[in-house]
Amino acid sequence: MAFTLSTGSTISVAKTYGAAISVSAATNSTAAGFTATTTLTTSSAHSLSVGDYVEVMSGWGRLNNRIARCATGTTGSTVVLENIDTYDTSKYPAGSGGGSIRKIAAWTALSQIKSLSPGGGDQQYADATSLEDVTERKIPTKKSANTLDIELFDDPTLNWYADVAVASDSNKPYALLVAAANGSKTVANTYWSLADTPQMAKDEVMTTKISLSYVSKPTRYTS
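The rules behind the values
Residues numbered from 1 in each chain as written. Predicted model: local features only at pLDDT ≥ 70, side-chain atom pairs only at ≥ 80, totals over all residues. Heavy atoms only, no water. Helix = DSSP H or I, 4+ residues; strand = E, 2+ residues; numbered from the N terminus. Buried < 20%, exposed > 50% of the residue type's maximum accessible area, 1.4 Å probe, protein only. Contact = heavy atoms within 4.5 Å. Areas by Shrake-Rupley, 256 points an atom, 1.4 Å probe, with all protein chains shown as cover. Patch = residues over 30% accessible without salt bridge, like charges linked within 9 Å, V, L, I, M, F, W, Y side chains within 5 Å. Salt bridge = Lys/Arg side-chain N within 4 Å of Asp/Glu carboxyl O. Lys, Arg positive; Asp, Glu negative; His and termini not counted. Charge placed at Lys NZ, Arg CZ, Asp CG, Glu CD. Phe/Tyr/Trp six-rings, centres within 6.5 Å; stacked < 30°, edge-to-face > 60°. Lys NZ or Arg CZ within 6 Å of the ring centre and 35° of its normal. Pairing = 2+ DSSP bridges.

## Examining the overall build of the protein
And step 1. For the protein, the count of helices and strands is one helix and 15 strands.
And step 2. Projected onto the principal axes, the alpha-carbon positions of the protein cover approximately 60 × 60 × 40 Å.
And step 3. Split into buried and exposed, the 223 residues of the protein put 35% on the buried side.
And step 4. Intrachain contacts of the protein at a sequence separation of at least 6 include 69% that bridge at least 24 residues.
And step 5. For the protein, the exposed area adds up to about 12500 Å²; of that, 51% sits on carbon and sulfur atoms.

Right, here's the structure in full:
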């Protein structure tokens, strides 16, 4: 059993992206689980390296808009996505995963974070109870959208403020990177919304709020 403290964690927003790289084919994972990898073939040679994070646009709906990290074997016109499980061909039909990727070229770390309030991710159910049932039946359907509210001490002169404002004003997904103190990382594609005015209360430090809404499943890495 292990415990991870949130103290010392950092949160970053994608600052800049590379040009989109066309993906001509996506190969299903050969195994399922946390260690699974998915291989993409790009239409031409790329300059991606192991450890780079990319935004994936794919014909596979469950992979589309996800953020993933390049694993060993990424070279030439091959990109290996770490911890991306596409083993189930009923969910990831063979031959239909092509699309594009683009590198997250730079990140900006947030500072002066006061508190975090995650929400969503709750399992939704369809009622399948028949007349003769004496116990209610529910079939899992989908999960509610994940959200994250970040309260920060207000200072519009900080480096991250302008980058978050760009993400907020764009009304497009920008990547999120959460790096825990133990080295583990979580990445996701999210909509960012920065409050227009700071929050004020008598005899308290002014704060601002960033609200995030996830557009796809987050990806976790142990290091």
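## Observations regarding a positive patch on the surface
And step 1. Where like charges cluster on the molecular surface, the positive patch consists of Arg62, Lys91, Lys143 and Lys217.
And step 2. Along the chain, the position of Arg62 falls in the loop between β4 (53-58) and β5 (66-70).

## Let's talk about the packing of aromatic side chains
And step 1. Applying the stated rule across the entire model yields five aromatic pairs.
And step 2. Between Tyr17 and Tyr174, the ring centres sit 5.9 Å apart and the planes meet at 75°, which makes this aromatic pair edge-to-face. Of this pair, Tyr17 sits in strand β1 (residues 10-17) while Tyr174 sits in strand β12 (residues 174-179); the two residues are 157 residues apart in sequence, bridging distant segments of the chain. Considered together, Tyr17 and Tyr174 belong to a single accessibility category, that of buried residues.
And step 3. Positioned above the aromatic ring of Tyr17, the side-chain terminus of Arg102 is 3.8 Å from the ring centre.

## Description of the pattern of salt bridges
Pairing between side chains becomes possible if they bear opposite charge and their charged atoms approach one another.
And step 1. A full pass over the atoms with the stated rule returns six salt bridges.
And step 2. The shortest N-O distance in the salt bridge between Glu55 and Arg102 comes to 2.6 Å. With a gap of 47 residues between them, Glu55 in strand β4 and Arg102 in strand β7 (residues 99-109) connect regions that are remote in the sequence.

## Observations regarding the pairing of β5
And step 1. For β5, the buried fraction is high: five of the five residues fall into the buried class.
And step 2. Pairing geometry for β4 and β5, over four bridges, is antiparallel. From the neighbouring strand, Val54 faces β5, where its bridge partner is Ala68.
And step 3. As judged from the two bridges shared by β5 and strand β6 (residues 78-82), these two strands associate in the antiparallel manner. Bridge pairing in β6 places Cys70 opposite Leu81.

## A short note on the pairing of β4
And step 1. For β4, the tally of buried residues reaches five of six residues, placing the bulk of the element in the interior.
And step 2. The sheet contact formed by β4 and β7 spans five bridges and is antiparallel. Bridge pairing in β7 links Glu55 to Arg102.

Function-wise, these values are silent; they only describe arrangement.
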